[in-house]
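These are the residues of each chain, in order.
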Amino acid sequence: AATTAAPPIKAALPDLQAQLPADVQATVLTDRTEGIRASVADVQFELVLAVLLVVLVIFLFLGSPRATLIAAISVPLSLIGAFAVMWALGFSINNLTLMALTIASGFVVDDAIVVIENIARHIEDGMKPFDAALRGASEIGFTIISLTASLIAVLIPLLFMGDVVGRLFREFAISLAATIVLSAVVALTVVPMLAARWLRPHHDETRLAVVDKAMTAFDRLAHHYGVALDWVIGRPRATLGVFAFSLLVAGALFWVIPKNLFPVQDTGQLRATVVASSDVSFQQMARLQQQVATELLKSPAVASLSSAVGVDGQNSTLNQGRMIVNLKPIETRGGLAEVTADISGLAAHVAGVHVYLQPVQDLTIDTETGLTPYRFSLQGADADQVNLWAQKLADKLRNDPALSGVNTASLGQGRAVFIDVNRDAAARLGMSALTVDNALYDAFGQRIISTIYTQSSQSRVILSATPGMLADPSALSRFYIPLGSGTQVPLGTVATIRTGWVPLELSRQNQFPSASIGFDLAPGVSLGQAVSSIEKTENEIGLPISVSTDFSGAASAFRSALSNELVLVLAAILVVYIVLGVLYESFIHPITILSTLPSAGVGALIVLALSSYGLGVIGIIGIVLLIGIVKKNAIMMIDFALSARAAGETSAEMAIFQASIVR
């Protein structure tokens, strides 16, 4: 559906409301599509803005409206072709494919610019547009093929990323690769054809004053660049020293920069988990949950919330309740950290519960939800030993300044009622254990005994004991068991009733007893630092060899996805080297092209280090794409220099100097 049209479900609500009783109102409580629609609208705006900015830069550099129009036409052609490929492969328009198209807009127009610039240069030298288009396209054809092949090679490691993260970014890599290939086809076919018919020499076109000023400034910049380039070429040892230094700095920054998985999104929703004491009753838990909901709704940032209590697919124990807190639009409230702190303060007013908050994310890889975003598990053959060491580790981690919200909710125990049937006494009364079991199930199992049907609805009749029977376990001794003769006897005459403690949850991992420890990150701490801190604490307490440990959920994905991050980057560089070596039939030229990477990597890593995001999956993908972007400049220079040498330029220094100035 379009972003301005009402979703079909919302459009159907009035008809649904008309079929409901007058005192029942149907309203939208949570709408996750709002964030999706906002993302699509934002990417559409960013895509249009990127194209407009690129067109503006082309216009200022080339000074020709005709050349600008040719480059602008190449962008929608390539993107439309990419949509066709995505449709054929069964992909959808989502955050990842849209991100690929936004990034591709720069790659798409880059090929067209290279071809247009080369053709325009020949036209300025006096050639006719048709001849200039043929010669310019033939000269630049191998360069475009080299650029495209090396860019596809850069994306190959992304296709082989493992686990869930790799499957998530498969559509991203394929969509981006398809757009890059189509942009090369457009640049080598449509762009030369249009240039042969539309391009004219600059002196035949009327240029704006701002364009003249811009081109004068660019000419002055090119002159200064030539002077600086001549100085650098004349000092090869110093230049190589700077290269070696940048390589060391890039490696050091890559090692020390904080590591994360994904940046935290503000989707306008929070997931709240309310935890009470392990022996809480359902009625008391419902009252506590209602008190928490009342407090949270006092926050000016909260628009609405939904609440659920009881054991279900998400709540494994009775002492936990869950809420989805819907926040007001970000324009009318503070940031996510500020809102979370405010809501946590309100929840603290309710005694007897702990409230854990975590933002709902569009991109998540957890198969289960916990009290905190990250989990660490212990498993072994002996459940008591696992629980003992898990408690020791959790106590130690609570004092770790790198962690917050350390919890062991799955390790708690609750009170249980045990009914020991005296089979001999029951047999004398003609009663079996099955009779006792059926009677108890009738009273407490919520057995459906009938269904009342009406014209528009149906109502189930549930058999249940009176509320007084649920207030105190001692009341069970007065619970009556029916006999075959029609008489009834108290349960206490044939059974002993006692209370005890049992685990609220029996967890297993790989068929072994396990215990889970949840944790969150302290302010300013990265996930990589937290993982390292937990591993250090694990070694300090001396876990026995019979107890094994592992991270689960997002923390496990972080270790599997980013533990080989350096291998992924090196694999991208190696693949590019092999492809360039095949294209240029040389061992040296690919090294020359890739020598531009360390300096670019230093800049990227410095920006990531100064930001609050650190180096995560998105950052790794950005660095891999940076490899493709940076080496494009080197390929164009090397390719031109090789052509100059083949044309008779004997000096390598002069050939690369001319290539750098022209390109």
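Residues numbered from 1 in each chain as written. Predicted model: local features only at pLDDT ≥ 70, side-chain atom pairs only at ≥ 80, totals over all residues. Heavy atoms only, no water.

1. Describing the environment of glycine 126
In this structure, glycine 126 sits in the loop between α4 (95-124) and α5 (129-159). Exposure remark for glycine 126: the relative accessible area of 62% places this residue in the exposed category. Sequence-wise, glycine 126 and proline 467 are 341 residues apart; in three dimensions their C-alpha atoms are separated by 99 Å. (Helix = DSSP H or I, 4+ residues; strand = E, 2+ residues; numbered from the N terminus. Buried < 20%, exposed > 50% of the residue type's maximum accessible area, 1.4 Å probe, protein only.)

2. Quick notes on the pattern of salt bridges
The tally for this structure, following the rule as stated, stands at six salt bridges. For the salt bridge of arginine 333 with aspartate 266, the shortest nitrogen-to-oxygen distance reads 3.0 Å. Remark: aspartate 266 occurs in the loop between α9 (236-256) and β1 (269-276) and arginine 333 occurs in the loop between β3 (320-327) and α11 (336-347); sequence separation between them is 67 residues. In this structure, the salt-bridge partner of arginine 498 is aspartate 420, at a minimum N-O distance of 2.9 Å. Of the two residues, arginine 498 sits in strand β12 (residues 495-503) while aspartate 420 sits in strand β7 (residues 413-421), which places them 78 residues apart along the sequence. (Salt bridge = Lys/Arg side-chain N within 4 Å of Asp/Glu carboxyl O.)

3. Here we look at the side chain of serine 146
One can find serine 146 in helix α5. Setting aside anything within four residues of it in sequence, one finds serine 146 in contact with Leu583, Tyr584 and Ile635. (Contact = heavy atoms within 4.5 Å.)

4. Digging into the packing of aromatic side chains
Summed over all chains, the structure comprises five aromatic pairs. With 5.4 Å between their ring centres and 90 degrees between their planes, phenylalanine 142 and tyrosine 584 make a pair best called edge-to-face. Of this pair, phenylalanine 142 sits in helix α5 while tyrosine 584 sits in helix α17 (residues 565-584), and the two are 442 residues apart along the sequence. On the accessibility criterion, phenylalanine 142 (33% relative accessible area) is partly exposed. Here tyrosine 584 falls in the buried class, since its relative accessible area comes to 10%. Considering the side-chain rings of phenylalanine 376 and phenylalanine 551, the 4.8 Å spacing of their centres and the 65 degrees angle between planes classify their relative orientation as edge-to-face. Taken together, the positions of phenylalanine 376 in strand β5 (residues 374-379) and phenylalanine 551 in strand β15 (residues 548-553) put the pair 175 residues apart, joining distant regions of the chain. (Phe/Tyr/Trp six-rings, centres within 6.5 Å; stacked < 30°, edge-to-face > 60°.)

5. Observations concerning empty space enclosed by the protein
This structure, assessed with the given rule, holds two cavities of 30 Å³ or more. Put simply, the second largest cavity is a space of about 30 Å³. Forming the walls of the second largest cavity are Phe107, Leu151, Val154, Leu155, Leu176, Ile180, Val624, Leu625 and Gly628. Contributions of two or more residues to the lining of the second largest cavity are made by α5, α7 (170-198) and α20 (617-646). Residues belonging to the lining of the second largest cavity are distributed by class as follows: eight nonpolar, one polar and no charged. (1 Å grid on protein atoms, 1.4 Å probe; cavity = no way out; pocket = protein on both sides within 12 Å on 5 of 7 lines; lining within 4 Å. Points joined across faces, edges and corners; volume = space filled by probe spheres on them. Nonpolar A, V, L, I, M, F, W, Y, C, P; charged D, E, K, R; others polar.)

6. A closer look at the environment of glycine 616
Summarising the element assignment, glycine 616 is placed in the loop between α19 (597-610) and α20. Once the C-alpha coordinates of glycine 616 and valine 57 are considered, the two residues, 559 residues apart in sequence, prove to be 31 Å apart.

7. Here we look at the sheet that holds β3
The sheet built from four strands is open, its strands ordered β2-β3-β1-β4 with antiparallel pairing. One side of each edge strand has no neighbouring strand; the edge strands of this open sheet are β2 (302-309) and β4 (353-359). The sheet shows a mean angle of 20 degrees between the axes of neighbouring strands, direction not considered. Examined bridge by bridge, β1 and β3 share seven bridges and lie antiparallel to one another. Counted as the bridge partner of valine 275 is glutamine 320 from β3. (Pairing = 2+ DSSP bridges. Axes fitted to C-alpha atoms, helices over the stretch in contact; angles between N-to-C directions.)

8. Some details on the pairing of β3
Buried residues dominate β3, accounting for seven of its eight residues. In this structure, β2 lies alongside β3, joined through seven bridges in antiparallel fashion. Bridge assignment links valine 302 to a residue of β3, and that residue is leucine 327.

9. Structural notes on the confidence of the model for the protein
Put simply, the protein has an average pLDDT of 82, and 94% of its residues get 70 or more. Put simply, helix α6 (residues 163-168) is where the protein has its lowest mean pLDDT, 67, and helix α10 (residues 282-296) is where it has its highest, 91. (pLDDT = per-residue confidence, 0-100.)

10. Digging into helix α12 (residues 383-397)
For α12, which comprises 15 residues, the first-to-last C-alpha distance of 21 Å matches the rise-based estimate of 21 Å (1.5 Å per residue) to within 8%. Listing the buried residues of α12 in full gives Val386, Trp389, Ala390, Leu393, Ala394 and Leu397. With its buried residues spanning 140 degrees around the axis, α12 presents them on a single face. Next to the buried residues of α12 lie β5, β6 (403-407), β14 (512-521) and α15 (527-541). N-cap assignment for α12: the residue whose side-chain oxygen lies 3.1 Å from the backbone N of aspartate 384 is aspartate 382. (Expected span 1.5 Å × (residues − 1). Arc of directions from axis to C-beta. Polar contact = N/O pair within 3.5 Å; in protein donor to acceptor, adjacent residues only side chain to side chain.)

11. Some thoughts on the nonpolar core
Judged by nonpolar contacts, the single largest core of 105 residues is most densely connected at Ile119, Leu158, Phe172, Leu176, Leu261, Leu378 and Phe519. At 13 residues, α4 tops the list of elements feeding residues into this core. Apart from the residues within four sequence positions on either side, leucine 176 is in contact with Ala100, Ile103, Ala104, Phe107, Leu155 and Leu625. Among the nonpolar cores identified, the runner-up in size contains 23 residues, and Val274, Met285, Ala293 and Val350 belong to it. (Core = buried A, V, L, I, M, F, W, Y, C linked by side-chain atoms within 4.5 Å.)

12. Let's talk about the packing of α20 against helix α21 (residues 652-662)
Running from N to C, α20 and α21 point in directions that differ by 130 degrees, and their axes come no closer than 8 Å. With respect to α21, the element α20 is oriented oblique. In the crossing of α20 with α21, the sense of the turn from one axis to the other is right-handed. Here Met637, Ile638, Phe640, Ala641, Ala644 and Arg645 of α20 come into contact with α21, specifically with Ala652, Ala655, Ile656, Gln658, Ala659, Ser660 and Val662. Residue composition of the contact of α20 with α21, grouped by class: ten nonpolar, two polar and one charged. (Parallel < 35°, antiparallel > 145°, perpendicular 65-115°, else oblique. Left-handed = near helix turned anticlockwise from the far one by under 90°.)

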